[in-house]
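# Working through the structure, step by step
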Amino acid sequence: MKSFEVNFDGLVGPTHNYGGLSFGNVASQSNSQQASNPREAALQGLEKMKALMDMGFVQGVLAPQERPDVAALRSLGFAGTDAQVIERAAKEAMPLLVASCSASSMWVANAATVSPSADTSDGRVHFTAANLNCKYHRSIEHPTTSRVLGAMFADQQHFAHHAALPAVAQFGDEGAANHTRFCRDYGEAGVEFFVFGRSAFDSRYPAPQKYPARQTLEASQAVARLHGLSEEGVVFAQQNPAVIDQGVFHNDVIAVGNGELLFHHQDAFLNTEQMLAELHGKLAARGGNFQSISVPRDQVAVEDAVRSYLFNSQLLSRADGSMLLIVPEECRANPRVWQYLQGLLAAGGPIREVKVFDLKQSMQNGGGPACLRLRVALNETELAAVNPGVIMTPALYDTLTAWVNKHYRDALRESDLADPQLLLECRTALDELTQILKLGAVYPFQIN
Ligand code: SUG
């Protein structure tokens, strides 16, 4: 049976703004308080989705969330009508209003961890929503994420959904941003690669000193258990704490994997040789030939990787077996990174083409091409069981583009977040979106 890796991209929500909310994420911190352009952000994302669809990849779309999250503000003690809740939060606790307005659910690599059916004990595709417990503004995403994923992958014969792990730091889970999968073919059993930043319970693992390690070993192990993965089908590895302290807040800022290939920075991991040997051995036992490309620090420094998001790229397999790398414009703007990429192409390895996309609106908050997509490997039967409303088509692209142009503002500053009109605009837009994507009622304002 044929199988595919489907990329579901997060549609940027109407409140996209630069809140400076993510300590440890250099771009988020340095662009704090700048005016954002939500319309441009959403259109840039849609352009990427369309381009991949036009290249023949199966492309999906994942809906944004209701923001401002009035229910979250109510749970923090702000009361009254919705407009009063927003007004009081703006007056008494602006940082909480900003957090409740974040469009951060666009970075759907953090929505969930996904294990394809070929890897799981019950032969279903498993999803665990990420608790995103390290940052308040992200920790409020998972209930709606679960409802949206449930509406997209509703068929229980093929899809199994797990609630987010306990919302405590010991089980900090950032979803697919710290997970990748190696396989010979998407439909065959593979090796799932979980990368953690620290251990919550075992002090033998070092931890970063300056910035938080968001993903714990214990969270990764729990997800692997929930998904029914076998010992032979998993490898756990630790991220180098020194690179977390340089702004590598997720592993997908320093490494990307696809098929049999891991593309990573020399300094990405601890115990790299041992880890590569384990990946090689386990994939070989599944009939695969693991390969890695290590980018040397004397060609691309960690700082350049963090600025350019070279590794936050999408590594895609084309029909002829060669690979394509989707990178953000910032890679072309960085002479060392761009030179490295030219050399990589000239070397004639598995990566044969580099395509550049303008994702500046998202990049300024630390979200590159890979952050914006959730990969779901599906066989033909499973793909047929996905809600067809969320699969990108030329008609859906046109409809979503018109929808963005109709509902989105082209400038948003912190002071605009207190405007009660913004809440109404967002709800009107999202109500229409659930009809376009045929999701049913998934947002708190539609349910309560
Ligand atoms: O969690 N930025 C996100 C970026 C997530 C990127 N995702 C992956 N690497 N997969 C984060 O730090 C910034 C929001 C603000 O500051 O307004 C933010 O949440």
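Up top you'll find the structure we're talking about.
Reading guide: rules and limits
- Residues numbered from 1 in each chain as written.
- Predicted model: local features only at pLDDT ≥ 70, side-chain atom pairs only at ≥ 80, totals over all residues.
- Heavy atoms only, no water.
- 1 Å grid on protein atoms, 1.4 Å probe; cavity = no way out; pocket = protein on both sides within 12 Å on 5 of 7 lines; lining within 4 Å.
- Points joined across faces, edges and corners; volume = space filled by probe spheres on them.
- Helix = DSSP H or I, 4+ residues; strand = E, 2+ residues; numbered from the N terminus.
- Nonpolar A, V, L, I, M, F, W, Y, C, P; charged D, E, K, R; others polar.
- Pairing = 2+ DSSP bridges.
- Axes fitted to C-alpha atoms, helices over the stretch in contact; angles between N-to-C directions.
- Salt bridge = Lys/Arg side-chain N within 4 Å of Asp/Glu carboxyl O.
- Buried < 20%, exposed > 50% of the residue type's maximum accessible area, 1.4 Å probe, protein only.

### Quick notes on empty space enclosed by the protein
This model, assessed by the stated rule, comprises 7 cavities of 30 Å³ or more. Of the volumes computed, that of the largest cavity is approximately 220 Å³. Those elements that place two or more of their residues in the lining of the largest cavity are strand E3 (112-115), strand E6 (179-182), strand E9 (255-258) and strand E15 (373-379). A per-class count over the lining of the largest cavity returns 8 nonpolar, 6 polar and 4 charged. The volume enclosed by the second largest cavity comes to roughly 190 Å³. Taken together, 23 residues line the second largest cavity, and the ones lying closest to its centre are Ser22, Asn25, Trp107, His137 and Asn365. Counted by class, the lining of the second largest cavity contains 6 nonpolar, 15 polar and 2 charged residues.

### Some words on the sheet that holds strand E7 (residues 191-196)
Spatially, 3 strands are ordered E6-E7-E8 in an open sheet, and the strand pairing comes out mixed. Lying at the two open borders of the sheet, with one neighbouring strand each, are E6 and strand E8 (234-238). Each strand of the sheet is rotated relative to its neighbour by a mean of 25 degrees, with strand direction disregarded. The pairing of E7 with E8 spans 5 bridges and is classified as parallel. The residue bridging Val195 from the neighbouring strand is Ala237, located in E8.

### Let's talk about the layout of surface pockets
One number sums up the size of the largest pocket: a volume of about 580 Å³. Lining the largest pocket are 24 residues, and of these Tyr186, Leu316, Ser317, Arg318 and Ala319 sit closest to its centre. Contributions of two or more residues to the lining of the largest pocket are made by strand E1 (3-10), strand E12 (314-317) and strand E13 (323-328). Grouping the constituent residues of the lining of the largest pocket by class yields 12 nonpolar, 7 polar and 5 charged. Size it by volume and the second largest pocket reaches roughly 400 Å³. If you go around the second largest pocket, you meet 20 residues; those closest to its centre are Val26, Ala27, Val306, Arg307 and Ser308. A total of 4 residues in the lining of the second largest pocket trace back to one element, the largest contributor, which is helix H11 (residues 302-308). When grouped by side-chain class, the residues that make up the lining of the second largest pocket number 8 nonpolar, 9 polar and 3 charged.

### Points about the pattern of salt bridges
This model, assessed by the stated rule, comprises 23 salt bridges. For the salt bridge of Lys48 with Asp9, the shortest nitrogen-to-oxygen distance reads 2.8 Å. With Lys48 in helix H2 (residues 38-54) and Asp9 in strand E1, the pair connects residues that are 39 residues apart, well separated along the chain. Grouping residues by exposure puts Lys48 and Asp9 together as buried. Across the salt bridge formed by Arg181 and Asp119, the nearest N and O atoms sit 2.6 Å from each other. Of this pair, Arg181 sits in strand E6 while Asp119 is found in the loop between E3 and strand E4 (125-129), placing the two residues 62 residues apart along the sequence. The class for Arg181 is buried, based on a relative accessible area of 11%.

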